[in-house]
Amino acid sequence: AAVFNSLSVDNIPEKVDQLQRHVKPEDYQWLCYYTVSRRASREANFHHQFIAFFSQCRDKKTLFHRLINMTFECLRLMMKAVDEAVHSSSHRTALKSLGTWLGLITVGRDYPLKSKSIDIKDLL
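What you are looking at is a predicted structure, and each value in this text was computed from that prediction instead of being measured.

Draft legend 1. Region of the structure containing the packing of helix α5 (residues 60-80) against helix α7 (residues 89-105). The interhelical angle for the contact between α5 and α7, taken along N-to-C directions, is 150°, at an axis separation of 10 Å. Looking at the two axes, α5 sits roughly antiparallel to α7. Seen from above, α5 lies across α7 with left-handed handedness. Across the interface between the two elements, Phe64, Leu67, Ile68, Thr71, Phe72, Cys74, Leu75, Met78 and Met79 from α5 touch His91, Ala94, Leu95, Leu98, Gly99, Trp101, Leu102 and Ile105 from α7. Per-class residue counts for the contact of α5 with α7 are 14 nonpolar, three polar and no charged.

Here you go:
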């Protein structure tokens, strides 16, 4: 988590090295959960920095796959509580941020969105 606190365009390689020294592949699930639920959903202005960060990681294919799955999972949970969005601007903001994040880590990287990942009709 401390890696993201001072992340900037200028120190991405240094932060990637720091992360790769401390985080093992078995920790990727937690890292992706933290990134999506605590950072990407709240800090839309840092989305491009997060993407640049993960793009420089050694195991970027696995990390992006897990980030995409975690984003779908968070969106599913938030859409189940969509009634809350009527009353909560923070809920709407988080949904918007996660939607933007999902677009950037999939379509924005030429990775297709797969309909099996999220059933839009079921959510509506």
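Draft legend 2. Expanded view of unusual backbone geometry. Phi is positive for aspartate 110, which is not a glycine, with a value near 60°. Along the chain, the position of aspartate 110 falls in the loop between α7 and α8 (120-123).

Draft legend 3. Summary view of the packing of aromatic side chains. Enumeration over the complete set of coordinates arrives at nine aromatic pairs. Consider the rings of phenylalanine 4 and phenylalanine 50, whose centres lie 5.5 Å apart with planes at 90°: the pair is edge-to-face. Separated by 46 residues along the polypeptide, phenylalanine 4 in helix α1 (residues 2-5) and phenylalanine 50 in helix α4 (residues 47-55) bring together distant segments of the chain. By relative accessible area, phenylalanine 4 is classed as buried at 4%. When the ring of phenylalanine 46 is compared with that of phenylalanine 50, the centres are 6.3 Å apart and the planes differ by 35°; the resulting orientation is tilted. Taken together, Phe4, Trp30, Tyr34, Phe46, Phe50, Phe53, Phe54, Phe64 and Trp101 form an aromatic cluster joined through their ring pairs.

Scoring rules and cut-offs
Residues numbered from 1 in each chain as written. Predicted model: local features only at pLDDT ≥ 70, side-chain atom pairs only at ≥ 80, totals over all residues. Heavy atoms only, no water. Axes fitted to C-alpha atoms, helices over the stretch in contact; angles between N-to-C directions. Helix = DSSP H or I, 4+ residues; strand = E, 2+ residues; numbered from the N terminus. Parallel < 35°, antiparallel > 145°, perpendicular 65-115°, else oblique. Left-handed = near helix turned anticlockwise from the far one by under 90°. Contact = heavy atoms within 4.5 Å. Nonpolar A, V, L, I, M, F, W, Y, C, P; charged D, E, K, R; others polar. Phe/Tyr/Trp six-rings, centres within 6.5 Å; stacked < 30°, edge-to-face > 60°. Buried < 20%, exposed > 50% of the residue type's maximum accessible area, 1.4 Å probe, protein only.

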